[in-house]
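# Structural overview
Residues per chain, in single letters:
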Amino acid sequence: MKDFGLDNYVHLEAKQQPTWADLDKLASVREELSKLPPLVFAGEVDTLRDRIAQASRGEAFLLQGGDCAETFVDATADRIRNRIKTVLQMAVVLMYGSSLPVIKMGRMAGQFAKPRSSDFETRDGVTLPAYRGDAVNGYEFTEASRVNDPARLLQAYQTSVSTLNLIRAFTTGGFADLREVHAWNKGFTDNPANKAYESIAGDIDRAMRFMEACGVDSAELRATEFFVSHEGLLFDYERPLTRVDSRTDTPYVTSGHFIWIGERTRQLDGAHVDFLSRVRNPLGVKLGPTTSTDDVLALIDKLDPEREPGRLTLISRMGAEKIRGELPKLIEAVKDSGATPLWITDPMHGNGITTKNGYKSRRFDDVMDEVNGFFEVHKALGTHPGGLHVELTGDDVAECLGGSEHVDESTLEQRYESVCDPRLNHMQSLELAFLVAERLVETRRNGDN
Ligand code: PEP
Ligand code: CO
């Protein structure tokens, strides 16, 4: 068999890997994972690459959303359905606002591993290994739960399989019918707190009725494509699930359609960049506020040497205060280099705060401010603001502050459920979509592209 260099990463520094409790068990888990069926088919991954290429030409918009960290206990039918529902609802609103197809992608069916700033966590004088995601250890703060157990990798695989199965059922089995999704959105705008969005909701309603009057009833209305993505963090999970596709004789990570490299693991000479440079999936890279133009150009050379449309998505996460200052020079340098990656904004990870009562949170207004900054920068440079990457849940949690329901610090005490970063709740997610859509409609009305 051809040598694709997939194991070259073992000679490089791999950051953020757990110290496993039992190496023999790890070896047998890796062996088992390498024999289990792929979660996604290479042909679907290729379709997604084409869709992203479309978006990078300004002909589509990408919406990527889901938990910061998925958990095994929350992989229930209700919670998965609510998350899909939220992404679909946002997508309809964004599709109307942008007049473009929206690529729907979950941070789902594989988002079980987290990079951490420290290997350990101390509470009340007790120090234990940090929680690294359900694929590694348990969130509960006890010695037994925080053991880094390789058997969890198999559970992550199984949970991803059942999550993806449900996603496929929901998005192709009638549940995702555009008319249903629109009806759910009416529930949102009927709420007096969301009166401000009545006008755009009315416009969408008229568009739907018009289509109905025309007798439009195509398969596209009844089902939708939905892709899954996660951070490619753990080599002991991703490597055994990487397979050489027999049609094309190229390796694909088969644990998800789209894999991204996080802000903490994107070192040019590091293991993650090397490993993912060798697989065919569309890739994302997070870019924080300290990213230099040289960093971005070198990452493009490594990950997209052929400058292939759809291969690379750059996910800026600068923070609301920094995006307008830091992003333009990166976009310009990339433009000058001739590369055509998709640019999307992650307005979550640069806007973290700790509340007075001790919660990790984010302000809805900061999130929105970063999104606005992203659109402003692209407008000024004549480039396409290609999409949104958000941490969200379909449930009525209280983790981010603000929004039309005015979530405040005391509400966090009642409904904070995230085991990692704070997510926009269902209402806040829809509100974000409506605000972005309003902005897009406005831009089109003014004729400035
Ligand atoms: C994340 O997406 O949950 C994450 C850890 O992001 P970043 O790598 O941008 O910090
Ligand atoms: Co996060």
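Anything mentioned here points back to the structure above.
Let me begin by describing the structure that accompanies this report. Bear in mind that the values here come from a model prediction, so they are computed numbers and not experimental data.

## Some remarks on the coordination of the cobalt ion (ligand 2)
Note on metal sites: the ideal angle is 109.5 degrees for four tetrahedral donors, and 90 or 180 degrees for six octahedral donors. Ligation of the cobalt ion (ligand 2) by protein atoms is provided by Cys-68 (SG), His-349 (NE2), Glu-391 (OE) and Asp-421 (OD), these donors lying 2.1 to 2.4 Å from the ion. In the primary sequence, the donor residues of the cobalt ion (ligand 2) line up as C-x280-H-x41-E-x29-D. Residue Cys-68 is located in the loop between β1 (61–66) and α3 (77–98), and its partner His-349 is located in the loop between β11 (342–345) and β12 (352–354); the two are separated by 281 residues in the primary sequence. Taking the relative accessible area as the measure of exposure, Cys-68 reaches 0% and is therefore buried.

## A word on the pairing of strand β9 (residues 283–287)
β9 sits mainly inside the fold: five of its five residues count as buried. Where burial is concerned, the two faces of β9 agree: the one with Leu-283, Val-285 and Leu-287 and the one with Gly-284 and Lys-286 are both buried. When strand β8 (residues 258–261) meets β9, the two strands line up parallel, connected through three bridges. Bridge pairing in β9 places Ile-259 opposite Leu-283. Handedness of the crossover is the feature at issue here: the chain leaves β8, passes through helix α9 (residues 271–277), returns alongside β9, and the resulting connection is right-handed. Across five bridges, β9 lies against strand β10 (residues 312–316) in parallel orientation. Across the sheet, residue Leu-283 finds its bridge partner in β10, namely Leu-312.

## Some details on the nonpolar core
Of all hydrophobic cores here, the largest spans 105 residues; its most connected members are Leu-153, Tyr-237, Leu-314, Trp-343 and Leu-432. If sequence neighbours within four positions are ignored, Leu-153 has contacts with Trp-20, Leu-26, Val-29, Leu-33, Ala-135, Leu-234, Asp-236 and Tyr-237. By size, the runner-up hydrophobic cluster in this structure holds 13 residues, among which are Ala-55, Ala-60, Ile-103 and Ile-344.

## Remarks on the environment of His-257
Among the secondary structure elements, His-257 is positioned in the loop between β7 (250–253) and β8. Setting aside its immediate chain neighbours within four residues, His-257 contacts Val-40, Glu-44, Val-45, Leu-48, Phe-226, Phe-227, Val-228, Asn-281 and Pro-282. Of the polar contacts made by the side chain of His-257, one reaches the side chain of Glu-44; its length is 3.0 Å. Within the structure, His-257 has its side chain in polar contact with the backbone nitrogen of Val-228 (distance 2.9 Å).

## Here's the deal with the packing of aromatic side chains
The description of two aromatic rings rests on the distance between their centres and on the angle between their planes. Tallying each qualifying case throughout the model produces 12 aromatic pairs. Ring geometry for Phe-235 against Phe-275: centres 5.8 Å apart, planes inclined by 80°, an arrangement best described as edge-to-face. One end of the pair, Phe-235, is in helix α8 (residues 235–238); the other, Phe-275, is in helix α9, with 40 residues separating them in the sequence. Considered together, Phe-235 and Phe-275 belong to a single accessibility category, that of buried residues.

## Some points on unusual backbone geometry
The phi angle at Ser-99 is positive, at roughly 55°, despite the residue not being glycine. Take Ser-99: its relative accessible area is 47%, and that puts it in the partly exposed class. Even without being glycine, Arg-307 reaches a positive phi, approximately 55°. Here Arg-307 lies in the loop between α10 (293–303) and β10.

## Brief notes about the site of ligand 1
The environment of ligand 1 is made up of Cys-68, Arg-107, Lys-114, Pro-115, Trp-260, Gly-262, Glu-263, Arg-264, Lys-286, Arg-317, His-349 and Glu-391. Separating an oxygen atom of ligand 1 from a side-chain N or O atom of Arg-317 is a distance of 2.7 Å. A total of 300 Å² of accessible area belongs to ligand 1 in isolation, and the protein chains cover 97% of it. Counting atoms within 2 Å of the grid points, the majority share of ligand 1 lands in the largest pocket. Classifying every residue of the shell around ligand 1 gives three nonpolar, two polar and seven charged.

## Some points on the layout of surface pockets
For the largest pocket, the calculated volume is near 770 Å³. Taken together, 37 residues make up the lining of the largest pocket; nearest its centre are Arg-116, Arg-264, Lys-360, Cys-420 and Asp-421. Looking at the lining of the largest pocket, the elements that each hand over two or more residues are β3 (120–123), β12 and β13 (360–362). In this model, the second largest pocket occupies a volume close to 490 Å³. For the second largest pocket, the lining is made up of 20 residues, of which Lys-104, Glu-220, Ala-223, Thr-224 and Glu-225 are closest to its centre. Contributing elements (two or more residues each) for the lining of the second largest pocket: α2 (42–56), α3, β2 (102–107), α5 (178–190) and α7 (219–222). The greatest single-element share of the lining of the second largest pocket, amounting to four residues, is contributed by α3. Of the residues assigned to the lining of the second largest pocket, the class counts are 14 nonpolar, two polar and four charged.

## A short note on the packing of α10 against helix α11 (residues 323–337)
It is at 9 Å that the axes of α10 and α11 come closest, and there the two elements cross at 40°. The pairing of α10 with α11 is recorded here as oblique in orientation. In terms of crossing hand, the pair formed by α10 and α11 is right-handed. On α11, the residues that touch Thr-293, Val-296, Leu-297 and Ile-300 of α10 are Lys-329, Leu-330, Ala-333, Val-334 and Ser-337.

## Digging into the environment of Gly-97
Considering the arrangement of structural elements, one finds Gly-97 in helix α3. Classification of Gly-97 as buried rests on a relative accessible area of 0%. Separated by 340 residues in the primary sequence, Gly-97 and Ala-437 place their C-alpha atoms 4.1 Å from one another. If near-sequence neighbours (up to four positions away) are discounted, Gly-97 is found in contact with Ala-437, Leu-440, Val-441 and Arg-444.

## Re empty space enclosed by the protein
Enumeration according to the criterion identifies five cavities of 30 Å³ or more in this entry. Each pocket or cavity is described by its volume, and for the largest cavity that value is around 70 Å³. For the largest cavity, the full set of lining residues is Gly-110, Phe-112, Ala-113, Ala-135, Ala-156, His-230, Glu-231, Leu-233, Leu-234, Tyr-237 and Glu-238. Of all the secondary-structure elements, those providing two or more residues to the lining of the largest cavity are β5 (227–231) and α8.

Conventions and cut-offs
Residues numbered from 1 in each chain as written. Chains lettered and ligands numbered in written order. Predicted model: local features only at pLDDT ≥ 70, side-chain atom pairs only at ≥ 80, totals over all residues. Heavy atoms only, no water. Donors = N, O, S within 2.8 Å, 3.2 Å for Na, K, Ca; no water. Helix = DSSP H or I, 4+ residues; strand = E, 2+ residues; numbered from the N terminus. Buried < 20%, exposed > 50% of the residue type's maximum accessible area, 1.4 Å probe, protein only. Pairing = 2+ DSSP bridges. Right-handed = clockwise from strand over helix to strand, strands pointing away. Core = buried A, V, L, I, M, F, W, Y, C linked by side-chain atoms within 4.5 Å. Contact = heavy atoms within 4.5 Å. Polar contact = N/O pair within 3.5 Å; in protein donor to acceptor, adjacent residues only side chain to side chain. Phe/Tyr/Trp six-rings, centres within 6.5 Å; stacked < 30°, edge-to-face > 60°. Near = heavy atom within 4 Å. Areas by Shrake-Rupley, 256 points an atom, 1.4 Å probe, with all protein chains shown as cover. 1 Å grid on protein atoms, 1.4 Å probe; cavity = no way out; pocket = protein on both sides within 12 Å on 5 of 7 lines; lining within 4 Å. Sits in = over half its atoms within 2 Å of the grid points. Nonpolar A, V, L, I, M, F, W, Y, C, P; charged D, E, K, R; others polar. Points joined across faces, edges and corners; volume = space filled by probe spheres on them. Axes fitted to C-alpha atoms, helices over the stretch in contact; angles between N-to-C directions. Parallel < 35°, antiparallel > 145°, perpendicular 65-115°, else oblique. Left-handed = near helix turned anticlockwise from the far one by under 90°.

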